[in-house]
Number of protein chains: 2
Amino acid sequence: MKAEIISVGTELLMGQILDTNARFIAQRLAEAGVDHYYSSTVGDNEQRLFDTVKRAAERSDIVIITGGLGPTGDDITKETAARVAGKRLVLDEESLSAMKERFERVIHRPMSENNAKQAMMPEGCIILKNNNGTAPGCIIETDGCAIVLMPGPPKEMEPMFDESVMPYLARRSGRTLYTRELRVFGIGESTVDAMLADMMQAQTNPTIAPYALSGEMKLRVTAKCADKAEGERLVKPIADEITSRLGDAVYSTDGLELYEVCAGLMRENGATLAVAESCTGGMIASMLINVPGSSEWFLEGAVTYSNEAKASRLGVKHETLEKYGAVSGETAREMAEGIRKTACSDIGLATTGIAGPGGGTPEKPVGLVYIAAASDKGTVVERLDLGGSRERIRRSAALSALMLLKKTLDAE
Amino acid sequence: MKAEIISVGTELLMGQILDTNARFIAQRLAEAGVDHYYSSTVGDNEQRLFDTVKRAAERSDIVIITGGLGPTGDDITKETAARVAGKRLVLDEESLSAMKERFERVIHRPMSENNAKQAMMPEGCIILKNNNGTAPGCIIETDGCAIVLMPGPPKEMEPMFDESVMPYLARRSGRTLYTRELRVFGIGESTVDAMLADMMQAQTNPTIAPYALSGEMKLRVTAKCADKAEGERLVKPIADEITSRLGDAVYSTDGLELYEVCAGLMRENGATLAVAESCTGGMIASMLINVPGSSEWFLEGAVTYSNEAKASRLGVKHETLEKYGAVSGETAREMAEGIRKTACSDIGLATTGIAGPGGGTPEKPVGLVYIAAASDKGTVVERLDLGGSRERIRRSAALSALMLLKKTLDAE
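Residues numbered from 1 in each chain as written. Chains lettered and ligands numbered in written order. Predicted model: local features only at pLDDT ≥ 70, side-chain atom pairs only at ≥ 80, totals over all residues. Heavy atoms only, no water.

**Student:** Give me the lowdown on the interface of chain A and chain B, citing residues and values where you can.
**Tutor:** Facing 68 residues of chain A, the contacting portion of chain B comprises 71 residues. Summed over both partners, the interface of chain A with chain B buries about 5,500 Å², with 50% contributed by carbon and sulfur atoms. Our count for the chain A to chain B interface comes out at 2 salt bridges. Arg313 of chain B is paired through a salt bridge with Glu300 of chain A; the nearest N and O atoms lie 2.1 Å apart. For the pair chain A and chain B, the interface holds 26 residue pairs in polar contact (both at pLDDT 80 or more). When residues in the side of chain A that touches chain B are grouped by element, the largest group, 7 residues, is from strand β2 (residues 35-42) of chain A. Among the residues making up the side of chain A that touches chain B, the classes are represented as 28 nonpolar, 26 polar and 14 charged. (Contact = heavy atoms within 4.5 Å. Buried area = accessible area lost by both parts, 1.4 Å probe. Salt bridge = Lys/Arg side-chain N within 4 Å of Asp/Glu carboxyl O. Polar contact = N/O pair within 3.5 Å; in protein donor to acceptor, adjacent residues only side chain to side chain. Helix = DSSP H or I, 4+ residues; strand = E, 2+ residues; numbered from the N terminus. Nonpolar A, V, L, I, M, F, W, Y, C, P; charged D, E, K, R; others polar.)

**Student:** Residues and numbers for the pairing of strand β17 (residues 378-385) of chain B, please.
**Tutor:** All names here are of chain B. Of the strand pairs in this sheet, strand β16 (residues 368-375) and β17 are connected by 8 bridges, and their pairing is antiparallel. Bridge pairing in β17 links Val369 to Leu384. What sits between β16 and β17 in their antiparallel hairpin is a turn of 2 residues. (Pairing = 2+ DSSP bridges.)

**Student:** Tell me about the sheet that holds strand β1 (residues 2-8) of chain B, residues and numbers included.
**Tutor:** Reading across the sheet, the 12 strands line up as β6(A)-β7(A)-β8(A)-β3(A)-β1(A)-β2(A)-β2(B)-β1(B)-β3(B)-β8(B)-β7(B)-β6(B) and stay open at both edges, with mixed pairing between neighbours. With one partner strand each, in any of the chains shown, β6 (126-128) of chain A together with β6 (126-128) of chain B form the two edges of the open sheet. When the angles between neighbouring strand axes are averaged without regard to direction, this sheet yields 15 degrees. Here 5 bridges tie strand β1 (residues 2-8) of chain A to strand β3 (residues 62-66) of chain A, and the two strands are oriented parallel to one another. Residue Glu4 of chain A lies in a different strand from β3 of chain A, and its bridge partner there is Val63 of chain A. Those strands touched by helix α2 (residues 21-32) of chain A are β1, β2, β3 and β8 (145-150) of chain A, and its axis lies near 165 degrees from that of β1 of chain A. Running over the sheet, helix α7 (residues 154-173) of chain A touches β3, β6, β7 (137-142) and β8 of chain A and is turned about 165 degrees from β8 of chain A. (Axes fitted to C-alpha atoms, helices over the stretch in contact; angles between N-to-C directions.)

**Student:** Can you lay out empty space enclosed by the protein for me, pointing to particular residues and giving the numbers?
**Tutor:** Applying the stated criterion across every chain, the model contains 4 cavities of 30 Å³ or more. Asp19, Ala22 and Thr41 of chain A together with Asp19 and Thr41 of chain B are the residues nearest the centre of the largest cavity, which is lined by 27 residues in total. Secondary-structure elements contributing two or more residues to the lining of the largest cavity are β1, α2 and β2 of chain A together with β1, α1 (10-13), α2 (21-31) and β2 (35-42) of chain B. A per-class count over the lining of the largest cavity returns 13 nonpolar, 10 polar and 4 charged. There is about 130 Å³ of room inside the second largest cavity. Together, 16 residues line the second largest cavity, and Ser40, Arg55 and Arg59 of chain A together with Ser40 and Arg55 of chain B are the ones closest to its centre. Looking at the lining of the second largest cavity, the elements with two or more residues in it are β2 and α3 (46-59) of chain A together with β2 and α3 (46-59) of chain B. (1 Å grid on protein atoms, 1.4 Å probe; cavity = no way out; pocket = protein on both sides within 12 Å on 5 of 7 lines; lining within 4 Å. Points joined across faces, edges and corners; volume = space filled by probe spheres on them.)

**Student:** Give a description of the sheet that holds strand β14 (residues 298-303) of chain B that names residues and reports values.
**Tutor:** With mixed pairing, 10 strands are arranged side by side in an open sheet as β17(A)-β16(A)-β15(A)-β13(A)-β14(A)-β14(B)-β13(B)-β15(B)-β16(B)-β17(B). Looking along the sheet, the strands with just one partner apiece sit at the ends: β17 (378-385) of chain A together with β17 of chain B. Each strand axis lies, on average, 10 degrees off the axis of its neighbour in the sheet, ignoring direction. Against the sheet, helix α16 (residues 390-411) of chain A makes contact with β13 (273-277), β15 (347-353), β16 (368-375) and β17 of chain A, and its axis sits at roughly 25 degrees relative to β16 of chain A, the strand it touches most.

**Student:** Mind laying out the pairing of β1 of chain B, listing which residues take part and the relevant values?
**Tutor:** Residues and elements named next belong to chain B. Burial within β1 is extensive, with 6 of its 7 residues counted as buried. By the bridge criterion, 7 bridges tie β1 to β2 in an arrangement that is parallel. The residue bridging Ala3 from the neighbouring strand is His36, located in β2. (Buried < 20%, exposed > 50% of the residue type's maximum accessible area, 1.4 Å probe, protein only.)

**Student:** Break down the state of the cysteines for me, with residues and values.
**Tutor:** As used here, a disulfide is simply a covalent bond connecting the sulfur atoms of two cysteines. In the structure shown here, the tally under the stated rule is 0 disulfides over all chains. Summary of cysteine pairing: Cys125 of chain A is not part of a disulfide, and the nearest cysteine sulfur, belonging to Cys138 of chain A, is at 4.3 Å. (Disulfide = S-S within 2.5 Å.)

**Student:** Help me get a handle on the environment of Leu402 of chain B, residues and values and all.
**Tutor:** Residues and elements named next belong to chain B. You can see Leu402 is positioned in helix α16 (residues 390-410). Assessed through its relative accessible area of 0%, Leu402 is described here as buried. In sequence terms Leu402 and Asn290 are 112 residues apart; their C-alpha atoms lie 14 Å from each other. Those residues in contact with Leu402 that sit more than four places away from it in its chain are Leu258, Tyr259, Cys262, Ile284, Met287 and Leu288.

**Student:** Which residues make up the packing of helix α11 (residues 258-269) of chain A against α16 of chain A, and what are the values?
**Tutor:** A pair of packed helices is captured by two measures, namely the crossing angle of their axes and the spacing between those axes. Residue and element names in this part refer to chain A. At their nearest, the axes of α11 and α16 sit 10 Å apart, and the two run at 30 degrees to each other. In this view, α11 runs roughly parallel relative to α16, as classed from their interaxial angle. Handedness of the α11/α16 crossing: left-handed. Note on element contacts: α16 touches α11 through Leu399, Leu402, Met403, Leu405, Lys406, Leu409 and Asp410, opposite Leu258, Tyr259, Val261, Cys262, Leu265, Met266 and Asn269. Across the contact of α11 with α16, the residue classes break down as 11 nonpolar, 1 polar and 2 charged. (Parallel < 35°, antiparallel > 145°, perpendicular 65-115°, else oblique. Left-handed = near helix turned anticlockwise from the far one by under 90°.)

See below:
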């Protein structure tokens, strides 16, 4: 089975946004064992889009198109693909009422006339529900080719692909795929590569696919199988072997984010948390509070960017700030202990560091960060030497602090 | 002049690496005022690569190809492009000696036989020096089309493009593009579309391109012009008209993020800020602290998720919490005034709301958020009814609070 990807959008051709959809789909096609020979990008221009889709439909079995399903006049992907397939657009009542309901329930404003256009679908197509936006996707089946249409925003496209298109590909190719996603933090990509080299070399089924994220890594272990039970049976020994080689750096074997893992452990342990952030400035609190129900265990956060705030809010001693400086293990320790005490929480977590680009010195360069976790078992302080942009350093510091929180909770 | 980009590499089709070259080149083409209608990705397969280059050379004036210039047998881009152009490969002595010198001086090992292949160039081509790697690039000029070949690694391709290809394009096209980016928050995409419909319809030069971001929008106004001064002259009346129609919803006419606009206003006004966050939980602090130098005016943030923290940290009255609840205009007001007082800042900013998915009631549904800004002019409280996922509600609340901060600073 040969697939081909088309990304639609003049903003892509202008270089205004980076096309991450094509890569996401390419990864999934590789995992599904579907051949992928071409991918292309074309603007919101009817003739060029028509030519591109037509050529793709002639030479490939599956054409996967993203973008151009919006409500505006620019968005012509559905009309054009339907024309290639020789189908009319007809109103899909179910999609229309789903959209209306979404506007009422989620968007809280009346649906504009424009949006109704998004419910006009190629006749006889398979509708793909959009649980994260208004525009539904669809699959148009013609002689010898299936044309898949999905919205352009990755937040809408990615779940739609996993929920609807992957099972469709599996049905067409007559096999099922089962994937477990391992998440890794604290080991570089090339080190992981070296540690798993023999497994990667020997892989046939399941396959192991490593992907580097911003400061993190994920490893997707995918089995071709008859059903989910067989998939689990095939994937488990591989996932276990990887976990035993990489150790504590594997923070999830189910594709969870690190903050979700920490939130789960907080709930399990019945513990409460307070966070004092300097260089990460609210990033840790914001990640944890993104988990529903976090109000049960997240008591308080303090963004103490200035020395005054560190002293008045957290009780960091003036002599500590003077003798060791705001960026020091001693200050991190007092911040963690201070927020724990003042918030009456079981655990206090703290960060202090130099995120740059300014503020570095030879003794305390940009990227130097201290993190600390205080609990009834005592206080653990770690020193980090991070690299990259201001955002990258802040993110790495926040993730490192969450890893320290996980370690503290694992020890409970 | 029409250009087209081809990225070559099986690793791209497997999703193993993200194609940033196509975007880089697309941006440069836009800046150079060169039309860009197609870009495509193809693997290291001779027949498919030949077909793709041939079609591109037939329909475009410039074909820009990256990747596949390496020393191994997989690398067939140069051979294939030369075949499309009907040229032989001949040894370029100058490239060969540059490569030999690079191996001696930079790589510190003798050049392998394989590398000599990299000095075989299409006859009569323009050689593009590679100052950051071994493989030289080249431009093959044929009747009606120029085929540009460049190495795949961005560290080699990007400087080669700027040093050699941009001047070549400028010479060929003799014109430029000028773009201004307007940022909009608080009006939906379809409403903006309706408000600007006549302008969008009538556009020729400059053009108006709307892009939806997560909860925000940007409008790019782009003019084809002889130089920057003419570009500014053409774009200004359009940008002004859009701003006058959309009003305060336009928070930047220079492509800045909302938190950057607020940071700029804080600096200009010499004001200081403290933030008390409930449902946004550190998100506002984290955005503002991402701006370098924010330590000068960002005094303190408090993530007061629990009622106890709101009372003890910010001095919100117990009777207010009991009578009106934590999610109320009264609580938001006392939070903003409380953090302003306790942090001794010029402005206090606060959020409180229900981000969901749980915790909603008929009287106070998920998405209900109150924001407040306290200053020496008094306190302004706003009620928001937001929709979407927990993350979306939190992000919209944070952006709304920053809009309120901007309004407060604009009034100073």
